[in-house]
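An overview of the molecular structure
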Amino acid sequence: MADLSILRPAVLNGIIEEMPAPSELLGLSLMRTEPNPFPTVLYDTVRGSRTIAKPNVPNSEAHIVPQLGSGQVTAGYMYVREKKVFNPTTMYWLRRTGTLAQKRGEEAVQREMEDLDRRVRFFQEYCIWRGMFTGSLVVNEADVKVNVDYQLAGTHKPVLSGTDAWNYVDGSGNYTAPIRRHVQAWKKLVSRDGAATITNAVMNSTTLQIMMRNNPYTTASGIMSDRQKDTLYNSGFVDGLLGISWREYDLSYDDGTGNAVPFIPDGYVVLYSGANDPFVMLDGPTADFSAPQDHTGRFAKTWQEQDPSARQALIEHNFFPALFRPDQVVYAKVF
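Bear in mind that the values here come from a model prediction, so they are computed numbers and not experimental data. (Residues numbered from 1 in each chain as written. Predicted model: local features only at pLDDT ≥ 70, side-chain atom pairs only at ≥ 80, totals over all residues. Heavy atoms only, no water.)

Section: the overall build of the protein
Filter applied, for reference: For the purposes of this entry, the term helix denotes a DSSP run of H or I that reaches at least four residues, the term strand denotes a run of E that reaches at least two, and both are numbered from the N terminus. The buried label applies to any residue whose accessible area, calculated with a 1.4 Å probe on protein chains only, is under 20% of its type's maximum; exposed applies above 50%, and partly exposed to all values in between. In what follows, a contact means two residues having at least one pair of non-hydrogen atoms within 4.5 Å. The method behind every accessible area is Shrake-Rupley, applied with a 1.4 Å probe, and residues are considered shielded solely by the protein chains displayed.
A tally of regular secondary structure across the protein gives seven helices and 16 strands. Counting only residues that meet the buried cut, the protein has 45% of its 335 residues in that class. Within the protein, contacts between residues at least 6 apart in sequence are counted, and of these 74% link residues at least 24 apart. A total accessible area of about 17,400 Å² is found for the protein, and carbon and sulfur atoms account for 49% of it.

Describing helix H5 (residues 179-194)
A turn of α-helix holds 3.6 residues, and therefore any two residues three or four places apart point the same way. To be explicit about the condition: Under the convention used throughout, the expected extent of a helix is 1.5 Å for every residue step, that is, one less than its residue count. Throughout, the arc means the angular range of directions from the helix axis out to the C-beta atoms.
Taking 1.5 Å of rise per residue, 16 residues should cover 22 Å, and H5 covers 22 Å from first to last C-alpha, within 8% of that figure. Buried within H5 are the following residues: Ile179, His182, Val183, Trp186, Lys187, Leu189, Val190 and Gly194. The arc enclosing the buried residues of H5, seen along the axis, measures out at 155 degrees, which places them on a common side. Looking one or two residues past H5, Ala195 carries a phi angle of roughly 50 degrees, positive in sign.

Focus: the environment of Thr134
The line we're drawing: N or O atoms closer than or at 3.5 Å make up a polar contact, with two conditions inside protein: a donor-capable atom paired with an acceptor-capable one, and, for residues adjacent in sequence, both atoms drawn from side chains.
In this structure, Thr134 sits in the loop between helix H4 (99-129) and strand S5 (136-140). Residues Thr134 and Leu152, spaced 18 residues apart in sequence, show a C-alpha to C-alpha distance of 7.9 Å. In contact with Thr134, other than residues within four places in its own chain, are Trp129, Leu152, Lys157 and Tyr331. Of the polar contacts made by the side chain of Thr134, one reaches the backbone oxygen of Gly131; its length is 2.9 Å. There is a polar contact of 3.0 Å between the side chain of Thr134 and the backbone oxygen of Ser136.

With respect to the side chain of Ser245
Tracing the backbone shows Ser245 in strand S9 (residues 244-248). In this structure the side chain of Ser245 is engaged in a polar contact, spanning 2.3 Å, whose partner is the side chain of Asp239. Filtering out sequence-adjacent residues up to four positions away, Ser245 remains in contact with Thr199, Asn200, Ala201, Phe237, Val238 and Asp239.

Describing the environment of Pro278
Topologically, Pro278 is positioned in the loop between strand S12 (268-272) and strand S13 (279-283). For the pair formed by Pro278 and Thr45, sequence separation is 233 residues and the distance between their alpha carbons is 9.3 Å. Setting aside its immediate chain neighbours within four residues, Pro278 contacts Ser273, Ala322, Leu323, Phe324, Arg325 and Gln328.

With respect to the pattern of salt bridges
Two side chains with opposite charge may pair up if their charged atoms get near one another. Keep this limit in mind: A pair is scored as a salt bridge if a Lys or Arg side-chain nitrogen falls within 4 Å of a carboxyl oxygen belonging to Asp or Glu.
Inspection of the entire model under this criterion finds twelve salt bridges. Residue Arg118 pairs with Glu24 through a salt bridge whose shortest N-O separation is 2.6 Å. Taken as a pair, Arg118 in helix H4 and Glu24 in the loop between helix H1 (9-18) and helix H2 (26-30) lie far apart in primary sequence, 94 residues in all. Relative accessible area serves as the criterion here: at 31%, Glu24 is assigned to the partly exposed category.

Observations concerning the nonpolar core
Which entries qualify depends on this criterion: Buried Ala, Val, Leu, Ile, Met, Phe, Trp, Tyr and Cys residues that are joined via side-chain atoms within 4.5 Å together make up what is termed a nonpolar core.
Counting 54 residues, the largest nonpolar core has Tyr43, Met113, Trp129, Phe133 and Phe320 as the members making the most contacts within it. Tallying contributions element by element places H4 first for this core, with nine residues. Ranked by size, the runner-up nonpolar core spans 30 residues in total, among them Ile179, Ala201, Val238 and Val330.

Description of unusual backbone geometry
If you check the backbone angles, Leu242 has positive phi at about 55 degrees while not being a glycine. Considering the arrangement of structural elements, one finds Leu242 in the loop between strand S8 (237-241) and S9. We note that Asp294 has phi near 65 degrees; this positive angle belongs to a residue other than glycine. For Asp294, the position within the fold is in the loop between S13 and strand S14 (299-306). Residue Asp294 is classed as exposed on the basis of its relative accessible area, which comes to 66%.

Regarding the sheet that holds strand S16 (residues 329-333)
Where we set the bar: Whether two strands pair depends on DSSP finding at least two bridges between them. Helix axes are fitted to C-alpha atoms over the stretch in contact, other axes to C-alpha atoms as well, and angles between N-to-C directions run from 0 to 180 degrees.
The strand order across the open sheet formed by five strands is S8-S9-S7-S12-S16, and the pairing between neighbours is mixed. At either margin of the open sheet sits one strand with a lone partner, and together these are S8 and S16. Neighbour-to-neighbour, the strand axes of the sheet open up by a mean angle of 20 degrees, direction not taken into account. Docked against the sheet, H5 engages S9, S12 and S16, running at close to 150 degrees with respect to S16. Relative to S8, helix H7 (residues 226-235) is tilted by about 150 degrees, and along the sheet it contacts S8 and S9.

Let's talk about the pairing of strand S6 (residues 145-149)
By the alternation rule, side chains of S6 split into Val146 and Val148, which are all buried, and Lys145, Asn147 and Asp149, of which none is buried. Relative to S6, S5 runs antiparallel, the two being bridged by five bridges. Counterpart to Ser136 in the pairing with S6 is Asp149.

Notes on the side chain of Gln151
Its location among the elements puts Gln151 in the loop between S6 and H5. In terms of polar contacts, Gln151 uses its side chain to reach the side chain of Thr45, at 2.9 Å. A distance of 2.7 Å separates the side chain of Gln151 from the backbone oxygen of Gln72, its partner in a polar contact. Excluding its chain neighbours within four sequence positions, the residues that come into contact with Gln151 are Thr45, Arg47, Gly71, Gln72, Val73, Gly135 and Pro326.

Below, the structure written as structure tokens:
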């Protein structure tokens, strides 16, 4: 069989490392990646401090300041390891020699590796929106059980009901939820608990439509100008609304049964401050014996089975979305 360069470990892993995350995955675009070459995840959560310094006099001992109040999160990595057996067409091109065969064989391998990589990225995205931002990452598979507490305080997970719910409709058929009051309360909460200012809010289109229906009744003049409404409808993004950048995010994942499940459920809004480096994607050490020593992040390899004869490809990733500053996040159930 032709020795395609893409099948060599150094080349294959170089290609994998250069594969960008799909641009439509908002969560991954928000997070920088940091290597964490330890067998488990262990980090401190930092609480914001509003305490001011006290005056002193020359030649006197400095005031002793206690360390920032913090908690600690310990967890195992989210470990993903998936592989593919190349189909007969791919095997056909892999077995042939010549420039055209090599080109088509490498394209076929790369397509399969990109598909594996995309599956891993989508699971990372799931862990961000259905785990980290909610305050609890739970996985209940037959062979994997995960329950991570991100130490998001109960006050940072408000649940609106009754006339406060954004989908409440009065006797005249009007949506009358006091959205401005809600947002101002959440901004004050993050300011007091996290010493930060909420800068971003994300929700899906269903929640956005309900929010827009409340606009004329929130205040006498509404909370959005006509320009802002046009921008939000046309682009799914608007800056400056109540001092926050609002983003519509409708991407979904397949739950394994063919159902499309939104990363952010209907009726939920994620609000956060991006200051102070609040979250990061930790890349853990590779568990595969074929990986270079001390390798962190995604790892890929291919190999040939002798009986039955087949070429297989694999990607694995040890990762964990870490939330260093939980007081800078609000996960609100608005209806």
